[in-house]
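# Observations on the model geometry
This is what each chain is made of:
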Amino acid sequence: MPFSRRDFLKTFTAGAALNYAPLGLASKSPVQTNAKVVILGAGAAGAALANRFSDAMGGGSITVIDGRKEHLYQPGLTLVAAGLKPGNYVVSQTTDWLPQGVNLITDWVSEVDPVSQTIFTQSGHKVSYDVLVVAMGCRLAYEKIEGMSKDLIGQHGIGSVYAGPEYAEKTWRLLDAFTDKGGRAVFSRPGTEMKCAGQPLKYTFLTEDYAARKGTRDRVEIEYLGHDSNLFGVPIVHEKLRMLFEARDIATDFNHVMTAIDPGRQVATFQTPTGLVEKEFDFTNVIPPMVAPDPILNSDLKWQTGAWAEQGWMEVDKSSLRHVRYPNVFAVGDIAGVPKGKTAASVKWQVPVVVDHVLADLEGRESDQSFNGYTSCPLITKIGRAMLIEFDYNNNLTPSFPGVIAPLEELWISWLMKEVALKATYNAMLRGRA
Ligand SMILES: Cc1cc2nc3c(=O)[nH]c(=O)nc-3n(C[C@H](O)[C@H](O)[C@H](O)COP(=O)(O)OP(=O)(O)OC[C@H]3O[C@@H](n4cnc5c(N)ncnc54)[C@H](O)[C@@H]3O)c2cc1C
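Notes on the structure in this doc start here. (Residues numbered from 1 in each chain as written. Predicted model: local features only at pLDDT ≥ 70, side-chain atom pairs only at ≥ 80, totals over all residues.)

### Overview of the overall build of the protein chain
So the rule is basically this: Per the convention used, a helix needs a DSSP run of H or I reaching at least four residues, while a strand needs a run of E reaching at least two, with both numbered from the N terminus. Radius of gyration: over C-alpha atoms. The globule rule applied is 2.2 Å multiplied by the number of residues raised to the 0.38 power. As a rule, residues whose C-beta atom has 12 or fewer other C-beta atoms within 10 Å are exposed, those with 20 or more are buried, and those in between are partly exposed; C-beta atoms are placed from the backbone.
Helix and strand counts for the protein chain stand at ten helices and 24 strands. Here the C-alpha atoms of the protein chain give a radius of gyration of 22 Å, agreeing with the 22 Å that 2.2 N^0.38 yields for 434 residues. Considering only C-alpha atoms, the protein chain reaches an extent of 70 × 45 × 35 Å along its principal axes. Split into buried and exposed, the 434 residues of the protein chain put 49% on the buried side.

### Some points on the nonpolar core
The nonpolar side chains of a soluble globular protein tend to be buried with one another. The condition that has to hold: Residues of type Ala, Val, Leu, Ile, Met, Phe, Trp, Tyr and Cys that are buried and joined through C-beta atoms within 7 Å form what is called a nonpolar core. Boundary definitions for the domains trace back to an automatic or database domain assignment. Distance between backbone-placed C-beta atoms decides contact: two residues are in contact if it is within 7 Å.
Among the nonpolar cores identified, the biggest contains 126 residues, and Ile39, Leu49, Val133, Val134, Ala135, Val332 and Ile335 are the most heavily contacted of them. No fewer than three residues from each of domain 1 (5-138 + 292-363) and domain 2 (142-289) sit in this core. Residues contacting Ile335, with those up to four places away along its chain left out, are Val134, Ala135, Met136, Gly137, Ala292, Ile296, Trp313 and Met314.

### Here we look at the sheet that holds strand 17 (residues 257-262)
Here is the rule: When DSSP finds two or more bridges between two strands, those strands count as paired. Angles here are taken between N-to-C directions and fall from 0 to 180 degrees, while the axes themselves are lines fitted to C-alpha atoms, restricted in helices to the stretch in contact.
The antiparallel open sheet is built from three strands, whose spatial order is 17-18-19. Two strands lie at the open edges of the sheet, namely strand 17 and strand 19 (275-280), each paired on one side alone. Strand-to-strand twist of the sheet, defined as the mean angle between neighbouring strand axes without regard to direction, takes the value 25°. Where strand 18 (residues 267-272) and strand 19 come together, six bridges link them in antiparallel fashion. Along strand 19, the bridge assignment pairs Gln271 with Leu276.

See the structure below:
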């Protein structure tokens with residue numbers, strides 16, 4: 001191990017204030033430090049981290065590196081692809097969210113060297129750090145589906161909500177035309193880990209709902225193909241979804257992973273336990289395999305064995321989100337190799353935990369903060385109805401509003417949480433205030 005936790009504590013304890021209150025209570029005295037904190041990525045997690053550290057640190061420096069100037073509110077993509085919001089609903093500028101005093105480097109990270117504690121960027125910046133928090137999200141690996149490319153989205157019945165706002169708009173136009181005309185819709189999800197695992201299910205429900213509203217339901221055939229033997233990783237939610245799909249005449253099959261797509265024939269190929277299976281479609285929402293961005297995938301920070309090593313997720317402790325081999329490195333958000341939590345709602349709970357662990361290191365104390373795997377999915381089932389599903393690492397349902405919002409009921413209020421309240425909460429989170 002290049003740099004032990006004890007070394008790290010020794011380096012930064014001198015002069016640190018002792019009375020920092022965790023969870024971003026900015027009224028407490030900031031921790032006095034000379035530490036260089038570097039945050040990779042300025043998405044949901046990166047912006048929230050920058051604000052929390054900025055409130056909590058007196059001295060030192062905070063550097064954020066992201067190659068994209070725009071900030072994307074990704075939970076809004078489903079609403080864009082449902083024809084309910086324009087594409088620009090999800091787009092803002094990264095600089096809108098970062099506090100003063102933070103150094104923003106607008107460049108792509110090309111390499112992370114946790115031994116020399118140095119970040120290299122594509123245009124030649126070399127940035128050293130004392131504390132590194134990686135928040136670079138997922139890379140959408142469309143190329144892992146043979147025949148697929150983002151250029152196809154919006155043609156040949158191929159939609160893809162994940163690709164970005166303009167593609168979500170194109171996907172909406174396809175869905176709208178498909179539910180006017182009718183035909184066969186095939187939905188699926190990748191075999192890798194993915195952000196917002198509820199999204200493919202939501203879009204299946206929305207397609208069915210639009211056809212029913214337009215009076216074309218009898219001309220529309222819908223099939224949902226799970227990547228393993230479940231519709232959802234939490235058993236009780238799987239069972240509820242199975243019943244809803246059955247009631248709405250949505251066919252299901254399992255252990256299907258899309259490996260190829262032929263736009264000309266409008267056929268998708270799936271790997272199944274019994275070999276390759278072809279499915280014809282008039283409409284599909286391609287959810288690409290998701291992997292860690294290359295600088296992490298190609299670094300020593302990823303898991304060393306198993307599927308998470310292949311996909312590149314960072315090898316962090318699932319409670320503290322601290323790297324297991326490099327104690328001055330943390331992962332927050334989608335890039336963390338933990339069993340649950342690839343949602344913006346998880347980021348909200350992860351950020352204060354990581355900030356407190358870093359500050360505890362700077363102050364020479366132990367942090368007792370831990371992330372319990374909280375994951376939330378406002379699972380839209382119809383326009384105006386959703387189930388607010390929240391759970392933890394142990395698959396316990398963890399409702400935020402017990403007695404008010406029942407997790408497994410299709411409610412108007414849960415819909416409002418997704419359609420109206422989520423963006424305000426997300427924005428407050430970016431500012432370090434939620
Ligand atoms: C269609 C869709 C619907 C969703 N719905 C919901 C929902 O309803 N509820 C919910 O809670 N969550 C939802 N999510 C998930 C949520 O958006 C993500 O979990 C969240 O954005 C994760 O935050 P992050 O900071 O880890 O990643 P991101 O927000 O993706 O940010 C990653 C940042 O890293 C940057 N980056 C990547 N590579 C590099 C590099 N090499 N160098 C520098 N910077 C780099 C990117 O430019 C980006 O700004 C949805 C996501 C999608 C796509």
